[in-house]
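Coordinate inspection notes
Each chain, letter by letter, is given below.
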Amino acid sequence: MALTLSILDQSPIQEGETAAEAFQHTVQLAQKAEDWGYHRFWVAEHHDLDHVVGSSPEVLIAHLLAKTERIRIGSGGVMLQHYSPYKVAENFHVLAALAPGRVDLGIGRAPGGLPLSTKALQQHGGTPNASLEEKLAELELFLHDELAPPHPLYGLTAVPLPNEPVPIYLLGTSAASAQLAAERGVPYVFALFISQDEAVCREAFDVYRQRFQPGKSAQPLPILAVSVIVAQTEEEAARLAADTKVAKIHLQSGKTVTVTSLKKAEEYGQQANEPFRIEVKEANVLSGTKESVREKLLQLARTYQVDELVIHTPIQHFPKRLLSYELLHDAFSELSVT
């Protein structure tokens, strides 16, 4: 089967490395991804974390667009609940005008950080009075310049107006996010590398397909985001995968949050001001040689009936992260030739 491969990079920072070096690695990876033929290159939004530095995807996207020529560059994703839809539309209109046809706007519903960073992001008028559903609807109106009476902001335009508005992709880890994507008629990306629950993933895609209402997209476009590590040997890949942990913070109120650092999990629980417990486990990472990973990814695509995978490779050491993506490219290049 034909399978489109894309990349999500979180700009990880190793011990002893500077933020400038971490960002330069993201630039180098984007340039290599373009050379190798990956379809998209997305960057994430995280706040107050000690192992990733990508806190402002809009700024990083602008730099990556200037450093590449063809590959689509986007957010994976912008945490809309923190921001004004009007300002998000302005940011991405500027990007779309600078690089027509190359910009994706991925929208996430997670906070992207700890309680204190969420409080800081929302302390000056960014309070989440409006639901994500309402903000997403308003964002679409601004992106397509379709505000009409009786909207209270009727007459306002998010300038500049690009010739081609950026497409929205809704990111999520639940049936609720899948339903919202279906109702809005936009592509849906399930982050299996965060949820790690295959039953929830199947349910989310079922909901998305069954309840899809044509909007800006005429047909449902389900995309799966997964963690993948490829190495020269099965043993090396397994060792790298074993180094990847996730920590789940279970709050007494019933909320569960997943992070990739025990230190940040403890900080999250302390900042939440309610009883909590932490569960640490190995991350759900698909690993192996290029041949075995290729077969696993093809099977995964068949299982979830998707034509595109967004690959997240959780290796902080940049040469090994770069090699993993190169080997993955080689695996599917060989498949297309044979």
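Now for a look at the structure at hand. (Residues numbered from 1 in each chain as written. Predicted model: local features only at pLDDT ≥ 70, side-chain atom pairs only at ≥ 80, totals over all residues. Heavy atoms only, no water.)

**Digging into unusual backbone geometry**
Counted only if it meets this: Strands are runs of DSSP state E lasting at least 2 residues, helices are runs of H or I lasting at least 4, and numbering of each runs from the N terminus.
The linkage connecting Gly76 with the following residue, Gly77, adopts the cis geometry, with an omega of 0°. Along the chain, Gly77 turns up in strand β3 (residues 72–79). Following Val159, the chain continues into Pro160 via a peptide bond in cis, with omega recorded as 0°. Residue position: Pro160 is located in the loop between α5 (132–143) and β5 (168–172). The phi dihedral of Gln305 falls on the positive side, at around 55°, and the residue is not glycine. Note that Gln305 resides in the loop between α11 (290–304) and β12 (308–312).

**A few points about the nonpolar core**
Within soluble globular proteins, side chains that are nonpolar generally end up buried alongside one another. Filter applied, for reference: By convention a nonpolar core is built from buried Ala, Val, Leu, Ile, Met, Phe, Trp, Tyr and Cys residues, the set being connected through side-chain atoms within 4.5 Å. Note on exposure labels: buried denotes an accessible area under 20% of the residue type's maximum, exposed denotes more than 50%, and partly exposed covers the range between, all computed with a 1.4 Å probe on protein chains only. Contacts were defined at the residue level, with two residues in contact if any of their heavy atoms lie within 4.5 Å.
By size, the foremost hydrophobic cluster in this structure holds 74 residues, and its most contacted members are Phe41, Leu105, Ile107, Leu224 and Leu297. The leading source of residues in this core is helix α12 (residues 318–337), at 7 residues. Excluding anything up to four places from it in sequence, Phe41 contacts Ile7, Asp9, Thr26, Leu29, Ala30, Ala33, Leu64, Ile71, Arg72, Ile73 and Gly74.

**Considerations on the pattern of salt bridges**
Convention followed: A pairing counts as a salt bridge when a side-chain nitrogen of Lys or Arg comes within 4 Å of a carboxyl oxygen of Asp or Glu.
This model, assessed by the stated rule, comprises 14 salt bridges. Salt-bridge contacts for Arg72 lead to Asp104; the nearest nitrogen and oxygen are separated by 2.7 Å. Taken as a pair, Arg72 in strand β3 and Asp104 in strand β4 (residues 103–108) lie far apart in primary sequence, 32 residues in all. The two residues Arg72 and Asp104 agree in class, both being buried.

**Description of the packing of aromatic side chains**
Let me state the cut-off plainly: The criterion for an aromatic pair is that two Phe, Tyr or Trp rings (for Trp, the six-membered ring) have centres within 6.5 Å, with stacked assigned to planes under 30 degrees apart, edge-to-face to planes over 60 apart and tilted to the rest.
In the structure shown here, the tally under the stated rule is 9 aromatic pairs. Measuring from ring centre to ring centre gives 6.4 Å for Trp36 and Tyr38, while their planes differ by 65°; the resulting arrangement is edge-to-face. By relative accessible area, Tyr38 is classed as buried at 6%. Ring geometry for Tyr188 and Phe205: centres 6.1 Å apart, planes at 80°, overall edge-to-face. On the criterion of sequence distance, the pair formed by Tyr188 in strand β6 (residues 188–191) and Phe205 in helix α8 (residues 198–211) is long-range, its members being 17 residues apart. Here Tyr188 and Phe205 have matching classes, each one buried.

**Some thoughts on the environment of Pro275**
Mapped onto the elements of the fold, Pro275 is located in the loop between α10 (262–271) and β10 (276–282). Pro275 sits 24 residues away from Leu251 along the chain, and the two C-alpha atoms are 6.1 Å apart. Setting aside anything within four residues of it in sequence, one finds Pro275 in contact with His250, Leu251 and Gln252.

**As for the side chain of Glu90**
On the secondary structure map, Glu90 appears in helix α3 (residues 85–98). Exposure remark for Glu90: the relative accessible area of 17% places this residue in the buried category. With sequence-adjacent residues up to four places away left out, Glu90 is seen in contact with Ala158 and Val159.

**Some thoughts on the sheet that holds strand β8 (residues 245–251)**
Basically, it comes down to this: Here a strand pair is declared whenever DSSP counts at least two bridges between the two strands. Orientation is described by axes fitted as lines to C-alpha atoms, over the contacting stretch for helices, and by angles from 0 to 180 degrees between their N-to-C directions.
Taken in spatial order, the 3 strands make up an open sheet running β9-β8-β10, and their pairing is antiparallel. Each having just a single partner strand, β9 (256–259) and β10 make up the two edges of the open sheet. Averaged over all adjacent pairs, the angle separating strand axes in this sheet is 20°, with direction ignored. Packing against the sheet, α10 makes contact with β8, β9 and β10, and its axis sits at approximately 160° to β10.

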